[in-house]
Amino acid sequence: MGEAIVVTSGKGGVGKTTSSANIGTALALMGKKVCMVDTDIGLRNLDVVMGLENRILFDIVDVATGQARLEQAMIKDKRFDHLFLLPAAQTKDKLALSVDAMHKIVRLLKPQFDFVLIDCPAGIEHGFRVAVSAADQAIVVTTPEQAAVRDADRVIGLLEKEQIPSPKLVINRIRPSMVRSGDMLDIDDIVGILSLDLLGIVPDDEHVIKAANQGEPTVLRPDSRASIAYRNIARRILGEPVPLMNLDEEAGFFRKMWKRIGLG
Amino acid sequence: MGKVARLARERSAPGQLVTIRGIRNGLLFVLAEDATIAELIDELERLLQGSEREGVGETAGVTAYVDPGARRLTDDECDLLRGILTGKGNLVVKGFAGPPAALEESVKQPYIYKGTVRSGQVIEHDGDVVVVGDVNAGGRVIAAGDVVVMGHLRGFAQAGAAGDAAAVVAAVYFEPLQVSIGDVTRRAPERPSRGAEMEFAYLEGADMAVERMAMLGQHRARSAARRARHSPGER
Ligand SMILES: Nc1ncnc2c1ncn2[C@@H]1O[C@H](COP(=O)(O)OP(=O)(O)OP(=O)(O)O)[C@@H](O)[C@H]1O
Ligand SMILES: [Mg+2]
């Protein structure tokens, strides 16, 4: 029986879709069967980042409303036979995907996959509740900004209410030079405020943007720093004790983080 | 305290000789200042009639406080009033000097919350609140008594929410966005917390001050002395 993990953040644009695509692909790279589910109805992106947009025939709302069977809507990845995407609807009403329908879909997916990765929409309204309702675990994505951390904190409180007890934290778009100069919240501060296990830190990396435009998740390019970060995150989800990468020339910059690395 | 609230609602109206108010610790009987003692006794008898008929009526065992307003009650008058309240209402009369000071009468158990109070979460309690963890920005703790945070206070804390100006807000890392005590609200002091040394906020008249935790004992003694000077004292 697979595990359903929701990728959420509260604040928009912090990297939920990027993280879903890269963690999903990295897990597939390590031989796991993965289905990514895009629940951002009306603003679907995951298909674009994965380069699968042109293969969509049906979407998750079609499945929820019985217009299509789950197998008809699931898209097989270009690169991996055991990586699938269930795309969001682009034009239909947001409320068309209910908590019940989401439960049913995820219940059907879990026995077929090792991981069901749910890409959550921004905000804490209906779409958030639907995405979170069917999850066993959560990954909270934030960036080193006050507003993003504040929203992450709010979301963690709501996840506790939904009986998702100990979400894992991904801090995205870290720039070591800015952290060092004090212009960015440092990782210790963020982990201190949110008091969560850290699953990984991802550097701000232009490869991410290039890759997204080419429909190739960054994680497939072994030379980018973000790629290494996402691979490490996937390995931690699988239970490997991978230390945090040293983003800085200055040795030991993240050494004090050791004890706080959270393992899936 | 449902029955008390009901009694207070049903049997009091503005302009009455005796107004009954439900307070945290029981019932407060507010006596009109321009009424004679005889009128007040009549009115109390009328108000408490129902309670007597019902035997162990709805007020039985409830604590009563009498607020005489500006008038001075003689010992005899106090005895008369006490006789009616205990005789007709089965009330336990605690004092003739108005509502009790919230701090002294705080009988509620403190509420101990273990965990992080996150943005959007509210912890509210009719007594002292102890948070074993952090209160993050956007989180709120509201207490009728004191608020004590055994971690970072980054959010909003309200102590003495029922009006107790002697309540305090304390935290190991005192970095709140806002603090309220009684009806006074202040923005955070614009200085970094000293950290690792617990601090508390308290009211000095209408001003709010922050002091090292070690000073809490002295603060308590000072405000107790001040209260004793200003209140007429129970009889
Ligand atoms: N580590 C990174 N380095 C550089 N750019 C990044 C990184 N992570 C995300 N981005 C860019 O930030 C933008 C927003 O990312 P993404 O779409 O993943 O966010 P999101 O949280 O899914 O947004 P939404 O709330 O709209 O769904 C994208 O343009 C993406 O390419
Ligand atoms: Mg997205």
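Below you will find a few notes about this structure. This is a predicted model, so every value here is computed, not measured.

A closer look at the side chain of D67 of chain B
No. 1: With respect to the element layout, D67 of chain B can be found in strand 3 (residues 63–67).
No. 2: In this structure, D67 of chain B is in contact with L28, F29, V30, L31, G98 and P99 of chain B, ignoring residues within four places of it in sequence.

Focus on unusual backbone geometry
Residues and elements named next belong to chain A.
No. 1: Even without a glycine there, the phi angle at Q163 is positive, about 65°.
No. 2: Looking at the secondary structure, you find Q163 in the loop between helix 7 (146–161) and strand 7 (168–174).
No. 3: Given a relative accessible area of 66%, Q163 falls into the exposed group.
No. 4: The phi torsion at S195 lies on the positive side, around 35°, for a residue other than glycine.
No. 5: Mapped onto the secondary structure, S195 falls in the loop between helix 9 (187–194) and strand 8 (197–203).
No. 6: By relative accessible area, which is 38% here, S195 ends up partly exposed.

Observations regarding the nonpolar core
All names here are of chain A.
No. 1: Core analysis: the biggest nonpolar cluster contains 55 residues, and L86, L109 and I118 have the highest contact counts within it.
No. 2: With six residues, helix 7 is the single largest residue contributor to this core.
No. 3: Discounting residues that sit within four places of it in the chain, L109 has contacts with C35, V37, L70, M74, L86 and V116.
No. 4: By size, the runner-up hydrophobic cluster in this structure holds 35 residues, among which are F80, V141, V208 and A226.

A closer look at the sheet that holds strand 2 (residues 34–38) of chain A
Residues and elements named next belong to chain A.
No. 1: Strand order in the open sheet formed by eight strands is 3-4-2-5-1-6-7-8, with mixed pairing between adjacent strands. Each of the sheet's edge strands pairs with one partner strand only, and the pair in question is strand 3 (75–76) and strand 8.
No. 2: Direction of pairing for strand 1 (residues 3–8) relative to strand 6 (residues 137–142): parallel, over a ladder of four bridges. The partner of V6 across the bridge, within strand 6, is A138.
No. 3: With respect to the sheet, helix 7 is in contact with strand 1 and strand 6, its orientation differing from that of strand 6 by roughly 165°.

Definitions and limits used
Residues numbered from 1 in each chain as written. Chains lettered and ligands numbered in written order. Predicted model: local features only at pLDDT ≥ 70, side-chain atom pairs only at ≥ 80, totals over all residues. Heavy atoms only, no water. Helix = DSSP H or I, 4+ residues; strand = E, 2+ residues; numbered from the N terminus. Contact = heavy atoms within 4.5 Å. Buried < 20%, exposed > 50% of the residue type's maximum accessible area, 1.4 Å probe, protein only. Core = buried A, V, L, I, M, F, W, Y, C linked by side-chain atoms within 4.5 Å. Pairing = 2+ DSSP bridges. Axes fitted to C-alpha atoms, helices over the stretch in contact; angles between N-to-C directions.

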